[in-house]
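# Analysis of the macromolecular model
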Amino acid sequence: MLSPLRSFSSLFATTLIMVLGAGLLTTYLGLSLAADGVEQLWIGGMMSAYYLGLVVGSKLGHKLIGRVGHIRTFVASAGMVTASALGHALTDDLQVWIVLRLLVGTGMMCQYMVLESWLNEQADTNQRGTVFASYMIVSYIGMVGGQTVLSFFPELGLQPLLLVGICYALCIVPIALTKRIHPAPLHPAPLKILPFWRQVPQSLTTILMAGGISGSFYGLAPAFAAGTGLSTKEIAVFMSATILAGLLAQWPMGKLSDKIPRSRLLRTNSALLGLIVLSMAILPVTGALLIGLTFCFGILAFTLYPLATALANQHIEPDERVALSATILLTFGIGATLGPLIASGLMQLLGNSMLYGYMALACLILFIRLQRVNYTQKVAKRMLSQQQSSDYQVASGDLVSSPLAAALDPRVDEDLVQQQMRNDVTTESAAETAAELSPEEADTAAGNSTPLAEQKNAAENHTSR
């Protein structure tokens, strides 16, 4: 059996080249706008437009792949992304740039859907984990590579944009020449937003906040670093250290989540992340300390999403996981769209450090929400346990009020019980006999009690015999 890296080498090569271009483009635009003195709100708006494009592409991609297939969808999307990326060199109009970022996000989501659905369908069951781990590693390497390439262009001219266009053009080649069989067309996944929010509130809340933090970092961290006086090369090191930390933390955090409850791990993660970003917001950190803090930030911030996704799938039936994946992507996209807008507004009003001030506020909200949901679930589980235990109390039935209950009690004389039961039977028989008499016979019986008394005594004697 071929190794996953060799078996899917063409798809991994496509992913590496595509993500390298994407990482280079995002950081380049942030630095270019910051160097031109553009307000942070515009920078955040462009990043929000990119993630909004991802949300749009998640719906458009299903339809395109189902209509024309995987490779044609990828080629068309790559062409649109290439033209949009190079379009930034033709104009300085920020409104046009926002539209271009929207188109880039839409096209890239379609490309991601092609790659991930292809890997998911054709990976063997016993290799699926290795295949997707390799895919994530290749993606992180591409993102780190994009930051590293930017360090060779300190002047931020048009060369980085040309290199981005080259990457998006070349990423078509490996997938177009692959010998693998094309996967089956995709079918749109249903969205069950409200049911899943009620079923896995901790996971979706974490994913929403993780989207806001990740979107803010990728879009605004270059502007923050430039505001602290870092050069283009130092900013590349700053970004690379953060992304590399996220890559290195994936496997250890995954192993840790198999031993520690994921809900507890999420609360710990959010608390530690909040302390780190708060210190970066209020302390004048520079140099090696800044690199160390952003490395710790990458470990904690980029593991929130996989931990929350694993926790959500842990409480969902297998036949609901496709709908859950669609809901997770939408939730992350909404968070990543809103996050840069909020963070950039705070940065414009209160300074560059408010990028991490916003993240600290997001972590505080996330921690409080996780604590509250966890407490509510514990109380509900305790009440359910008490209710279930009370359901098995012995209830009083006909046997309790019956003379047979006394017969089963060893403290009671059996002869006395039998005499009582015979008296009860005699009384019931007499009552039934009286009920069957006609009115005239009843009046006669009422006027002459002696025959009735004799009848009763006779009945008792008959019973004794």
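Provided above is the structure to which this section pertains.
Residues numbered from 1 in each chain as written. Predicted model: local features only at pLDDT ≥ 70, side-chain atom pairs only at ≥ 80, totals over all residues. Heavy atoms only, no water.

Moving on, we get to the overall build of the chain. On a plain count of helices and strands, the chain comes out with 20 helices and zero strands. Here the chain, with 465 residues, has 45% of them falling under the buried criterion. Carbon and sulfur atoms form 63% of the exposed surface of the chain, whose accessible area is close to 24200 Å². (Helix = DSSP H or I, 4+ residues; strand = E, 2+ residues; numbered from the N terminus. Buried < 20%, exposed > 50% of the residue type's maximum accessible area, 1.4 Å probe, protein only. Areas by Shrake-Rupley, 256 points an atom, 1.4 Å probe, with all protein chains shown as cover.)

Right, let's talk about the packing of aromatic side chains for a bit. The full count for this structure, using the stated rule, is 10 aromatic pairs. Relative to tyrosine 51, the ring of tyrosine 50 has its centre 5.2 Å away and its plane inclined at 80°; by these criteria the two rings are edge-to-face. For the pair tyrosine 50 and tyrosine 51, a shared accessibility class is recorded, and that class is buried. An angle of 40° between the planes, with centres 5.4 Å apart, marks the rings of phenylalanine 217 and phenylalanine 297 as tilted. Taken together, the positions of phenylalanine 217 in helix α10 (residues 201-227) and phenylalanine 297 in helix α13 (residues 287-301) put the pair 80 residues apart, joining distant regions of the chain. According to the relative accessible area criterion, phenylalanine 217 is buried, its value standing at 0%. For phenylalanine 297, a relative accessible area of 0% puts it in the buried group. Here the aromatic residues Phe217, Tyr218, Phe224, Phe238, Phe297, Phe302 and Tyr356 are joined through ring pairs into a cluster of three or more. (Phe/Tyr/Trp six-rings, centres within 6.5 Å; stacked < 30°, edge-to-face > 60°.)

The next subject is a positive patch on the surface. A cluster of basic side chains, namely Arg264, Lys378, Lys381 and Arg382, defines a positive patch on the protein surface. When residues in the positive patch are grouped by element, the largest group, three residues, is from helix α16 (residues 354-390). (Patch = residues over 30% accessible without salt bridge, like charges linked within 9 Å, V, L, I, M, F, W, Y side chains within 5 Å. Salt bridge = Lys/Arg side-chain N within 4 Å of Asp/Glu carboxyl O. Lys, Arg positive; Asp, Glu negative; His and termini not counted. Charge placed at Lys NZ, Arg CZ, Asp CG, Glu CD.)

For the rest of this paragraph, the subject is the packing of helix α12 (residues 262-282) against α13. With their axes 10 Å apart at the nearest point, α12 and α13 run at an angle of 150° to one another. Here α12 lies roughly antiparallel to α13, going by the angle between them. As for how α12 packs across α13, the hand of that crossing is left-handed. Two secondary-structure elements touch here, α12 through Asn269, Leu272, Leu273, Ile276, Val277, Ser279 and Met280 and α13 through Leu290, Leu293, Thr294, Cys296, Phe297, Leu300 and Ala301. Within the contact of α12 with α13, the residues separate by chemical class into 11 nonpolar, three polar and no charged. (Axes fitted to C-alpha atoms, helices over the stretch in contact; angles between N-to-C directions. Parallel < 35°, antiparallel > 145°, perpendicular 65-115°, else oblique. Left-handed = near helix turned anticlockwise from the far one by under 90°. Contact = heavy atoms within 4.5 Å. Nonpolar A, V, L, I, M, F, W, Y, C, P; charged D, E, K, R; others polar.)

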